[in-house]
Amino acid sequence: MVGVLPGSRAAVARENFPHLLEVCERILESFPKAKFLVPTMAATHGVVRKILAARFGAGAENPDGVETIGPFTIGLNQFNELVPQCDLCLIVSGTATLHAAGHGAPQIVVYRTSPIIWHLLARWFIKTRTYSLVNLLSDSRQNIVPEFIPWYGSNQPVADKALEYLNNPQLLVEQRDRLRNLIRNLNKPGASRNAAKLAVDLMMGRETTTIK
C-alpha cells in the first residue's frame, strides 16, 4: 500500500499529482499488485479524480464512500482512515508530513516547482538546511525522511528512492521508528513554545535549538 498525498491546494495538486502518478507507474512495474491510497481535501478532490479518470477511465464508489479508479483508491477527508494502512507515503511538502508522521507512516517528501522560479527567487530567500516539517523539527543533523525539494526535471530519482524503500523493508521499519520518536519528543509540555521558537529562529536565519 502506497499513499499518495497531493497537497491541500488545487494548484499544488495540479502541479505535483501528474508527476507522482508517473512515480506510481514506475512502482507498478516492480510491484504489479501495488495499491495506491489517495486522501484528498475539498480543494484537491476534483483535481485528483479528473487526472485519474483521464488515465484509467471512470471509477467505482465503494460502500465506505471511497472511490476506486484503476489501482488508486481516493477518499475525500479520509486521511486518518487511509494513511495508517500505507507502507510508504509520497507526500507533497506541507503539514501533511507531520500528520502522517503522527501515524508512523514512512514517507518521501516532494514539492514540484519551476526551476526558473527556484533559481531566480526561492533559493535566495529560503535558507533552511531542509524544507519538510518532519526534518525541520528533528533535532538531528541527518534527515529523517528523504526529500526532493525543489523537485523538477526527471521523476526517476523519486521513483528510485521509493523502490529502494519498498525493496528494503528494514528501511521502512527504521524510518517508522524515527518518526515515532520525533512525535514522542514533540508531544510533551512546551511543544508549542518550541515550535514558536523554531519558527522565529528559521525566519531570522539562526541555528535552531530546542528549549528544555
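Residues numbered from 1 in each chain as written. Predicted model: local features only at pLDDT ≥ 70, side-chain atom pairs only at ≥ 80, totals over all residues. Heavy atoms only, no water.

**Q** Could you give an account of the overall build of the chain, with specific residues and numbers?
**A** In terms of helices and strands, the chain carries nine helices and eight strands. Burial statistics for the chain: of 212 residues in total, 40% are counted as buried. A total of about 11,300 Å² of accessible surface is found on the chain, and carbon and sulfur atoms cover 55% of it. (Helix = DSSP H or I, 4+ residues; strand = E, 2+ residues; numbered from the N terminus. Buried < 20%, exposed > 50% of the residue type's maximum accessible area, 1.4 Å probe, protein only. Areas by Shrake-Rupley, 256 points an atom, 1.4 Å probe, with all protein chains shown as cover.)

**Q** Please give an account of the packing of helix α4 (residues 95-102) against helix α8 (residues 169-186) that cites residues and values.
**A** Orientation of α4 relative to α8, taken along the N-to-C sense of each, is 100 degrees, at an axis distance of 8 Å. Comparing the axis directions of α4 and α8 gives the class roughly perpendicular. Seen from α4, the contacting residues are Leu 98, Ala 101 and Gly 102; seen from α8, they are Leu 179, Ile 183 and Leu 186. Partitioned by chemical class, the residues of the contact of α4 with α8 number five nonpolar, one polar and no charged. (Axes fitted to C-alpha atoms, helices over the stretch in contact; angles between N-to-C directions. Parallel < 35°, antiparallel > 145°, perpendicular 65-115°, else oblique. Contact = heavy atoms within 4.5 Å. Nonpolar A, V, L, I, M, F, W, Y, C, P; charged D, E, K, R; others polar.)

**Q** Any chance you could break down the packing of aromatic side chains for me, citing the residues and the numbers?
**A** The description of an aromatic ring pair uses the distance of the two centres, along with the angle that the planes make with each other. In total, this model carries two aromatic pairs according to the counting rule given. Measuring from centroid to centroid gives 4.9 Å for Phe 36 and Phe 72, while their planes differ by 20 degrees, and the two rings are stacked. Of this pair, Phe 36 sits in strand β2 (residues 36-40) while Phe 72 is found in strand β5 (residues 72-76), placing the two residues 36 residues apart along the sequence. The exposure class of Phe 36 is buried, given its relative accessible area of 0%. Residue Phe 72 is classed as buried on the basis of its relative accessible area, which comes to 1%. Centroid distance Phe 56 to Phe 72: 5.7 Å. Interplanar angle 45 degrees. Geometry classified as tilted. Highlighted residues: Phe 56 in helix α2 (residues 42-56) and Phe 72 in strand β5, separated in sequence by 16 residues. Residue Phe 56 is classed as partly exposed on the basis of its relative accessible area of 33%. Site record: aromatic cluster; members linked through ring pairs are Phe 36, Phe 56 and Phe 72. (Phe/Tyr/Trp six-rings, centres within 6.5 Å; stacked < 30°, edge-to-face > 60°.)

**Q** So what's going on with the nonpolar core? Which residues, and what values?
**A** Among soluble globular proteins, nonpolar side chains are generally buried collectively. Core analysis: the biggest nonpolar cluster contains 34 residues, and Val 4, Ile 27, Phe 36, Leu 52, Phe 72 and Leu 90 have the highest contact counts within it. Looking at this core element by element, the count peaks at eight residues for helix α1 (residues 10-30). In this structure, Phe 79, Val 83, Cys 86 and Ile 91 belong to the second largest nonpolar core, which totals 10 residues. (Core = buried A, V, L, I, M, F, W, Y, C linked by side-chain atoms within 4.5 Å.)

**Q** So what's going on with the sheet that holds strand β7 (residues 107-112)? Which residues, and what values?
**A** If you walk across this open sheet you meet the eight strands as β3-β4-β5-β2-β1-β6-β7-β8, and the pairing is mixed. Edge positions in the sheet fall to β3 (60-61) and β8 (147-151), since each of these pairs with one other strand and no more. As judged from the two bridges shared by β3 and strand β4 (residues 67-69), these two strands associate in the antiparallel manner. Each bridged residue has a counterpart across the sheet, and for Ala 60 the counterpart in β4 is Thr 68. (Pairing = 2+ DSSP bridges.)

**Q** Let's hear about the pairing of β7: which residues, and what values?
**A** Among the six residues in β7, five count as buried, and that is most of the element. Strand direction decides the pairing type here: strand β6 (residues 88-92) and β7, joined by four bridges, are parallel. Residue Ile 91 lies in a different strand from β7, and its bridge partner there is Val 109. The β-α-β motif built from β6, the intervening α4 and the parallel element β7 has right-handed crossover chirality. Pairing of β7 with β8 involves three bridges; the strand directions are parallel. Within β8, the residue paired with Arg 112 across the bridge is Trp 151. (Right-handed = clockwise from strand over helix to strand, strands pointing away.)

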